[in-house]
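# An overview of the molecular structure
Given next are the chains, with one letter for each unit.
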Amino acid sequence: MADLASLRNRAARLVMVRMGSHLSPSRTATDDYDRIAALAARYPIGGVLLFNAAWPQCADTLAALHDSASAPLLVGSDIERGVGQQVDGATRFPHALACGHAGRRAVEVLARITALEARACGIHWAFAPVADLRNEPRNPIIANRAFGDTPQSVSRHVDAFIRTAQAHGLATTAKHAPGHGRTTTDSHVDQPRVSADADTLAATDARPFRAAIRAGTTALMTAHVVYPALDAETRPATASPPILRDLFRTSWGFDGLVVSDSLLMDGIDASGQDAGAQAAALVDAGVDMLLDPPDAEAVIDGLARAVASGTLDERRLNEAATRVEQLASWIQQTRPSGLAPDPDLRDVVGQQLHTRAAHAIAAEAIDLSPTRSTALPRPLGPATDTLVVRCSARPSQTDDDQALRDALAEHGAAANYTACPADAALVRCVEAANRIHQADQVVALLAVEPAAWQDFRLADAHRPVVDALRAHPQALIVATGSPHVLDAFSDAWTRAATYSDSPASQRALIERLFGTAGRSGP
């Protein structure tokens, strides 16, 4: 058996650490450079998970990191909605549900532009697409991150994303296998359980993942979810040999890399184990790469000691490390620049052509009749005669409605806008409700979207606004996130949906409602 130093080097290849964070205290990817560079110089870690970066600094930071690392590094990122989701200055697309409503071509455009901008930034690996179904309206973490409601539609769009992204040099990850769509609990804060039987899961939730495998996805990401029908010992999928080995490998025939969902999440409770022991158990169960561990060095040491003690078979460690190397080799062979950011693509990041493409998808996705309701006049009357109210399930952020404000200002209606974020004081919501009662025409934008460790509902303080909207004889209720919020307004004058609260969706909606839908966007 190899010595501990050699085992640690191989174990390190299974570790992917967070670089940058939106979690409190927030830090940028560049802020994290010194810490990650020191770790990557000491251990040949497998890669970094990029959050909260900016263009063009991220390309320079990642290039420097590659130069200082002791082994080739994979750079992955949660870029379901384009690189702009994690890199400020890059293109940000609407959510997957909006892209799905816009059609397969929209998904191909999303994947192609994401791949090109990722190559410019130095991102090799997208933790996308979401292959889950939107088959539970109460689901607090999937919702409009899914391409659609049916196995057929989601499979088509997953296939389109994977084939297009990988043709342009971006590795993909179908997540969250074997399916997170049925849960009513966020796996960031608890361990969800899916009670469906095995036949139901095979006929529905599993189908997009099998489509992803046929399309050639380089990776599957596990769900921190319990499926009693698939594992009698009720272990979450991330820790389940029957799911990771028997289902993914044998039944589905997947031979690529299996990566865990973030190990910071409460859905993968360590149950009293230390980080190293937990990591060894997950790798033994069938995980190849450990994503976002809270203590990377403890994981590396724990894996090495588990092999040395015989708790973890050395062949399993080698198998996982080989899959990591195969993915790195695929990147190097597929991209002209190898693992380095592609200097020939620097001009494509956030370019106007890409911004217009995101806008066009957002405009195509707008649904003016998602439920049976009164037909909406096209367009509405002058924006200056219409009160626009936005209620968000998220706390206020300085720029989360900037595109909306800009579009309203262009129509001379900025003074007719009021915002009620999740942390709005009750008095502010009461004032908004009074304005609704006095207005002849109201457009209400309800932004309820999934977000880690956040509520998936309007706040209690929003109650006066909701009651005023229900009572208004001419209120247009727009779901700018999950369409499930429309269920609370069955008697509304009319309803609509954008399926995303992205900047592109905000602008496209205002243009559609107030008569400038023919514009090509910003």
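Here's a quick rundown of the structure. (Residues numbered from 1 in each chain as written. Predicted model: local features only at pLDDT ≥ 70, side-chain atom pairs only at ≥ 80, totals over all residues. Heavy atoms only, no water.)

## Looking at the packing of helix α6 (residues 151-167) against helix α8 (residues 206-215)
Interhelical geometry of α6 versus α8 gives an angle of 25° and a closest axis separation of 8 Å. Here α6 lies roughly parallel to α8, going by the angle between them. The chirality of how α6 crosses α8 is right-handed. Residue-level contacts link P151, Q152, V154, S155, V158, D159, I162 and R163 of α6 to R207, P208, A211, A212, R214 and A215 of α8. The residue inventory of the contact of α6 with α8, partitioned by class, reads eight nonpolar, two polar and four charged. (Axes fitted to C-alpha atoms, helices over the stretch in contact; angles between N-to-C directions. Helix = DSSP H or I, 4+ residues; strand = E, 2+ residues; numbered from the N terminus. Parallel < 35°, antiparallel > 145°, perpendicular 65-115°, else oblique. Left-handed = near helix turned anticlockwise from the far one by under 90°. Contact = heavy atoms within 4.5 Å. Nonpolar A, V, L, I, M, F, W, Y, C, P; charged D, E, K, R; others polar.)

## Here's the deal with the pattern of salt bridges
Taken as a whole, this structure holds 36 salt bridges when the rule is applied. Where R42 meets E297, a salt bridge forms, and the shortest distance between an N and an O atom there is 2.8 Å. Note that R42 is positioned in helix α2 (residues 33-42) and E297 in helix α11 (residues 296-309), a separation of 255 residues in sequence. Look at R42 and you get exposed, because its relative accessible area is 56%. A salt bridge links R507 to E410; the shortest N-O distance between them is 3.2 Å. Of the two residues, R507 sits in helix α17 (residues 503-513) while E410 sits in helix α14 (residues 402-410), which places them 97 residues apart along the sequence. A single network of salt bridges, built from pairs that share partners, joins R104, R105, E108, D159 and R163. (Salt bridge = Lys/Arg side-chain N within 4 Å of Asp/Glu carboxyl O. Buried < 20%, exposed > 50% of the residue type's maximum accessible area, 1.4 Å probe, protein only.)

## Considerations on the sheet that holds strand β11 (residues 386-392)
Taken in spatial order, the five strands make up an open sheet running β12-β11-β13-β14-β15, and their pairing is parallel. Each edge of the sheet is formed by a strand with only one pairing partner; in this case those strands are β12 (417-420) and β15 (494-497). Between one strand and the next, the sheet's axes are offset by a mean angle of 20°, whatever the strand orientation. Pairing of strand β13 (residues 441-447) with strand β14 (residues 475-479), which is carried by five bridges, proceeds in the parallel orientation. For L446, the partnering residue across the bridge sits in β14 and is A479. (Pairing = 2+ DSSP bridges.)

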